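Chain by chain, the residues run as shown.
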Amino acid sequence: MNILVTGGLGYIGSHTCVALLEAGYNVIVADNLCNSKEETKNRINQITGKELTFYQLEVTSDYAVEEIFNQHEIDGIIHFAGLKAVGESVEKPLVYYYNNIVSTMVLARACQKYGVKRFVFSSSATVYGDNKAPFIEDMKLLPTTNPYGETKAMCERILTDIAKAYPVFSVALLRYFNPVGAHESGLIGEAPNGIPNNLMPYVTQVAKGKLEKLRVFGNDYPTIDGTGVRDYIHVLDLAEGHVAALNNLKEGAHVYNLGTGQGTSVLKLVKAFEEANGIKIPYEIAARRPGDIASCYADASKAERELGWTATRNIVAMCRDAWNFEKTYRKHGENTKKVLMLF
Ligand code: NAD
Ligand code: UD1
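The rules behind the values
Each chain has its residues counted from 1, running along the sequence as written. Chains and ligands are labelled by the order in which they are written, letters from A for the one and numbers from 1 for the other. pLDDT decides what is reported in this predicted model: residues at 70 or higher carry local features, side-chain atom pairs at 80 or more are listed and counted, and totals for whole chains, interfaces and linings draw on all residues regardless. The basis for every side-chain value is the complete set of non-hydrogen atoms in the structure, without hydrogens or water. If a single non-hydrogen atom of a residue is within 4 Å of a molecule or strand, that residue counts as near it. In protein, a polar contact means a hydrogen-donor-capable atom and an acceptor-capable atom, both N or O and within 3.5 Å, with residues adjacent in sequence counting only if both atoms are side-chain atoms; elsewhere, any N or O pair within 3.5 Å suffices. Numbering of helices and strands runs from the N terminus; a helix is a DSSP stretch of H or I covering at least four residues, while a strand is a stretch of E covering at least two. Throughout, the ten residues Ala, Val, Leu, Ile, Met, Phe, Trp, Tyr, Cys and Pro are labelled nonpolar, Asp, Glu, Lys and Arg are labelled charged, and all others, Gly among them, are labelled polar. When two rings of Phe, Tyr or Trp (its six-membered ring) have centres within 6.5 Å they constitute a pair, described as stacked for plane angles under 30 degrees, edge-to-face for angles over 60, and tilted for the intermediate range. Exposure classes here rest on a 1.4 Å probe applied to the protein chains alone. A residue is buried below 20% of its type maximum, exposed above 50%, and partly exposed in between. Only lysine NZ and arginine CZ atoms are considered, and such an atom sits over a ring when it is within 6 Å of the ring centre and within 35 degrees of the ring normal. In this description, a line fitted to the C-alpha atoms serves as the axis of each element, helices being fitted only across the stretch in contact, and the angle between N-to-C directions of two axes falls anywhere from 0 to 180 degrees. Angles below 35 degrees are treated as roughly parallel, those above 145 as roughly antiparallel, those between 65 and 115 as roughly perpendicular, and all remaining angles as oblique. Left-handed describes a crossing in which the near helix is turned anticlockwise from the far one by less than a right angle; the clockwise case is right-handed. Residues count as neighbours in contact if any of their non-hydrogen atoms are within 4.5 Å of one another. DSSP calls a pair of strands paired once it identifies at least 2 bridges connecting them.

### Some details on the site of ligand 1
Part 1 of the reasoning: The environment of ligand 1 is formed by 26 residues, the closest being Asp-31, Asn-35, Ser-36, Glu-58 and Lys-84.
Part 2 of the reasoning: In the model, an oxygen atom of ligand 1 is placed 3.1 Å from a nitrogen or oxygen of the Cys-34 main chain.
Part 3 of the reasoning: Take the shell around ligand 1: its biggest share by element is 3 residues, from strand β5 (residues 118–124).
Part 4 of the reasoning: A per-class count over the shell around ligand 1 returns 12 nonpolar, 10 polar and 4 charged.

In structure tokens, the structure reads:
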């Protein structure tokens, strides 16, 4: 079966390509490399001993996407391609709305034109906004505080409406919690450019001595130790969740949380990292980060019930593999991000 994976050389996409190839799927990747490197293709091939097909192209272009459909019989699409930096989305809303929404519509249109019935979409727990955790799929969604989050909510809506009108279209809307970690080989992982915004890549760079200390954003939240609580999920579990979603698609649009169901505070994650890797992480308490919520974790029971999927890797494995990638990756050199188009 041929699966088109957009954004397949990015962080989550690359791990999912590994899982798909290992599950016996043929993988065709479309990625414009705006936040990834072509070298990742070789790493995926090296890990799996199999070959994926790669097209460097713009998923917002009908013309470019149709080239793929003219070359291959596509049986399903996993759509990862998107821009994901929350702060940047506030500064460049048009870039975010255009990229994330147009790419989804271009692919949906290609599905109709070429009779593709299977579609898996990368959504985010951010669509729950300030609801009270644990987040459950049928909660009323609350507004997010940034254009990035809005693009996810809008794409969910667009795909749901299409599936209502054309019930043969089977869509899984996967709401990821906080993906961390890397493939245990250390060959692929998350390599953000510049100073990371997210906690785990920040911690690994402190461990490496590239950054002096972690700033813990707030210790006065109503949580176990006052610091923010999140549902960290190993990226390999997340990747396997995509294979499960693809294998269990049913007609209509269906939402699934992909999380562990466990909340971990910032200080607990720091402690787990120190214990897993034997490295001290210096930190200081700083002000709350605007837009942050106190607690975000999943009710992950629907994915278990309907997809037969559950996350199996614990926080120690996440910390160990994140650090292993940071050590290994830096030996291979820094990422080279292309400058995004400016509006
Ligand atoms: P990533 O930036 O590592 O990967 C995205 C990939 O898409 C990159 O390789 C990039 O080059 C490519 N891309 C972007 N726009 C494109 C376009 N117009 N045409 C072709 N390729 C394009 O990000 P990721 O962390 O792997 O995230 C994958 C998806 O999951 C994104 O849609 C993101 O919004 C969503 N998501 C991520 C997280 C997270 O914490 N990483 C959480 C929730 C949801
Ligand atoms: C971020 C995004 C969110 C996205 C999610 C998963 C923001 C504002 N939100 O959220 O939209 O869906 O990633 O990709 O960027 N923290 C520190 N110090 C740091 C970094 C983080 O204390 O240097 C804390 C945060 O306050 C939070 C926790 O660590 O409590 C996790 O932060 P982060 O990794 O950025 O993820 P999210 O806040 O969940």
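What follows picks up the thread again.
### Overview of unusual backbone geometry
Part 1 of the reasoning: Cis geometry marks the peptide bond from Ala-133 to Pro-134; its omega dihedral reads 5°.
Part 2 of the reasoning: Mapped onto the fold, Pro-134 is located in the loop between β5 and α6 (147–165).
Part 3 of the reasoning: Despite not being glycine, Leu-33 has its phi angle at roughly 65°, a positive value.

### Details of the packing of aromatic side chains
Part 1 of the reasoning: Taken as a whole, this structure holds 6 aromatic pairs when the rule is applied.
Part 2 of the reasoning: Ring centres of Phe-135 and Phe-177 lie 6.3 Å apart, and the angle between their planes is 40°; this geometry places the pair in the tilted category. Of the two residues, Phe-135 sits in the loop between β5 and α6 while Phe-177 sits in the loop between β6 (170–176) and β7 (178–180), which places them 42 residues apart along the sequence.
Part 3 of the reasoning: Classification of Phe-135 as buried rests on a relative accessible area of 0%.
Part 4 of the reasoning: Put simply, the rings of Tyr-128, Phe-135 and Phe-177 pair up and form one aromatic cluster.
Part 5 of the reasoning: Here Arg-175 stacks its cationic end above the ring of Tyr-128, 4.9 Å away from the centre of that ring.
Part 6 of the reasoning: Cation over ring: Lys-302 sits above Tyr-256, and NZ or CZ is 4.9 Å from the ring centre.

### Here's the deal with the packing of helix α5 (residues 93–114) against α6
Part 1 of the reasoning: In the contact formed by α5 and α6, the axes pass within 9 Å of each other and the chain directions differ by 20°. For the element pair α5 / α6, the angle class is roughly parallel. When you trace α5 past α6, the crossing you get is right-handed. Together, Pro-93, Tyr-96, Tyr-97, Asn-100, Ile-101, Thr-104, Met-105, Ala-108 and Gln-112 of α5 and Pro-147, Tyr-148, Glu-150, Thr-151, Met-154, Cys-155, Ile-158, Leu-159 and Ile-162 of α6 make up the contact between the two elements.
Part 2 of the reasoning: When grouped by side-chain class, the residues that make up the contact of α5 with α6 number 13 nonpolar, 4 polar and 1 charged.

### Quick look at the sheet that holds strand β12 (residues 264–265)
Where strands meet in a sheet, backbone hydrogen bonds hold them as pairs that are either parallel or antiparallel.
Part 1 of the reasoning: Strand order in the open sheet made by the 3 strands is β12-β9-β14, with mixed pairing throughout. Each of the sheet's edge strands pairs with one partner strand only, and the pair in question is β12 and β14 (295–296).
Part 2 of the reasoning: Pairing geometry for strand β9 (residues 229–230) and β12, over 2 bridges, is antiparallel. Bridge pairing in β12 places Val-229 opposite Ser-265.

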